[in-house]
Amino acid sequence: MRYYFVRHGIAVDRARSDFARELTARGRRRVGKSAKVMKALGVTPTRIYTSPRIRARQTAEMIAAELGMQATLAEEVDFGFDMADVRALSQDLSSEDDVMFVGHNPDMSLLVHRLSGVNVAMKKGGLARIDVINHKSRFGELVWLIAPKVFDALQKETKKETIQLGPPEKAAATSFEVHDLIKSRWSPVAFDPDRSIDKTALLSMLEAARWAASSSNLQPWRFIVAPKENPDEFQKVLSVLRGGNVSWARYAAVLMLAVVKKHRHPDVLNRHAGHDLGQAIAQMVLQALTHGIYAHQMGGFFPDKARQVYHIPDEYEPFTAIAFGYKTWDLSHLSEAHRQRELTQRQRQALREMTYSGSWAQTADFLE
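Per chain, residues are indexed from 1 in the order of the written sequence. Reporting in this predicted model follows two pLDDT cut-offs: at least 70 for local features of residues, and 80 or more for side-chain atom pairs to be given and counted; totals over whole chains, interfaces and linings ignore these cut-offs and use all residues. Only hydrogens and water are removed before side-chain values are computed, so all heavy atoms of the structure are retained for them.

Caption draft 1: Focus on the packing of helix α1 (residues 25-40) against helix α2 (residues 54-67). Only C-alpha atoms enter the line fits that serve as axes; for helices the fit covers just the stretch in contact. Angles between N-to-C directions range over 0 to 180 degrees. A run of H or I in DSSP counts as a helix once it spans at least four residues, and a run of E counts as a strand once it spans at least two, with each numbered from the N terminus. Between α1 and α2, the least distance of the axes is 9 Å, while the angle of their chain directions is 35°. Taken as a pair, α1 and α2 cross one another with a handedness that is right-handed. Every residue of α2 that contacts α1 at Arg28, Val31, Gly32, Ala35, Lys36, Met38 and Lys39 is listed here: Gln58, Thr59, Met62, Ile63, Glu66 and Leu67. Here the contact of α1 with α2 is built from residues that sort into 6 nonpolar, 3 polar and 4 charged. Crossing handedness is read from the near helix: turned anticlockwise from the far helix by less than a right angle, it gives a left-handed crossing, and turned clockwise, a right-handed one. Throughout, a contact is declared for two residues whenever any of their heavy atoms are within 4.5 Å. Gly is placed with the polar residues, together with every amino acid not listed as nonpolar (Ala, Val, Leu, Ile, Met, Phe, Trp, Tyr, Cys and Pro) or charged (Asp, Glu, Lys and Arg).

Here it is, written out as structure tokens:
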């Protein structure tokens, strides 16, 4: 789901009341240009909600007319517009739907900050796009922040059918319906270096792993956790990663080593241990997404070095490394190979290639 937040265009300073302030001629021209760019960008909200104040309503109506839509007046989008209002107005929409809100500052800027953690000061006529998993999401990702002057520059490109601005969509194109969290999960290498993961979110992630299923309830997983706020510990985990992973993982907010206990008893191997650890990590990763936090799991690390650095006993096996953080579309700190990876669409084998019945490699009959 995408949220589009639009601050109204330039309005007259004085009117019989604040409610009645209209867009100036300049404000109308700029909103008109902006609306054309939005159309070229492929902005297609399911609904456009606007504050009832004249300047916001005029802005929304101009955008809606360009997009071939109708704007809906919503008292909630007036001054005092907050996250509860956002959720209420989008609660009956699916994760595939988008919604646009046209209103006022400071509400627009505060909502962008509330959802993305990024401090912004939205200009009159500016647009912010926040991607969230669904209307219940408390956190999202700031994908666009377009100021009016940028709209002016982009309008020169509207002769083209569309303008490519930002990354491709990475949500899974599933063949059958799955939970929004599963659609949204992927493994970025571009993490926002300026955002940390607060203690509440981190504990929530670890608690989700704690309650994973395991064979005989042995719970063989252990986690070595290093938030970036503790630079010495963060560097210790970073030191056991292979070079190709160090280059991008150093920008993550938390690094982690997942370790598994190998035996049920001293002389009985637990052959389900890796499976159980995987379930715990999967729950942790999905719980992280509820906080807008993404994970990248790595086999590219040195287990023996990890064992040495952390004095890991022989009965435990360093199994995988994980980087957690808030993703960013600023790819300037990545290598060219990693930039291309980040911009490439995700792919999966078809179900028929991995789902059998009757005999090995015989496609399950219910897929025919």
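Still more to cover.
Caption draft 2: Structural context of unusual backbone geometry. With an omega dihedral of 10°, the bond running from asparagine 105 to proline 106 counts as a cis peptide bond. Following the sequence through the fold, proline 106 ends up in the loop between β4 (98-103) and α4 (107-116). For asparagine 217, which is not glycine, the phi dihedral falls at a positive 55°. Relative to the assigned elements, asparagine 217 resides in the loop between α7 (199-210) and β7 (221-227).

Caption draft 3: Summary view of the sheet that holds strand β5 (residues 127-131). At least two DSSP bridges between two strands are required for those strands to pair. Pairing is mixed across the open sheet formed by 6 strands, whose spatial order is β3-β2-β4-β1-β5-β6. Only two strands of the sheet have a single neighbouring strand rather than two, namely β3 (71-73) and β6 (141-146). Going across the sheet, the axis of each strand differs from the next one's by a mean of 20°, ignoring polarity. With 6 bridges joining them, strand β1 (residues 2-7) and β4 adopt parallel strand pairing. The partner of tyrosine 4 across the bridge, within β4, is methionine 100.

Caption draft 4: Structural view of the side chain of aspartate 192. The topology assignment puts aspartate 192 in the loop between α6 (180-184) and α7. Throughout this description, buried means an accessible area under 20% of the type-specific maximum (1.4 Å probe, protein chains only), exposed means over 50%, and partly exposed covers the range between. Note that His is not counted, nor are the chain ends; the positive residues are Lys and Arg, and the negative ones are Asp and Glu. For this document, the term salt bridge refers to a Lys or Arg side-chain nitrogen within 4 Å of an Asp or Glu carboxyl oxygen. No salt bridge is formed by the buried aspartate 192. Its closest oppositely charged neighbour is arginine 195, at 4.8 Å. From its side chain, aspartate 192 meets the backbone nitrogen of aspartate 194 in a polar contact 2.9 Å long. Leaving out residues up to four positions away in the same chain, aspartate 192 has contacts with Tyr251, Tyr326, Lys327 and Thr328. Within 3.5 Å is the distance limit for a polar contact, defined as a pair of N or O atoms, with the added protein rule that one can donate a hydrogen and the other accept it, and that residues adjacent in sequence qualify only through two side-chain atoms.

Caption draft 5: Local environment of the environment of leucine 73. By the element assignment, leucine 73 lies in strand β3. Given the relative accessible area of 48%, leucine 73 is considered partly exposed. Between the C-alpha atom of leucine 73 and that of glutamine 283, which follows or precedes it by 210 residues, the distance is 41 Å.

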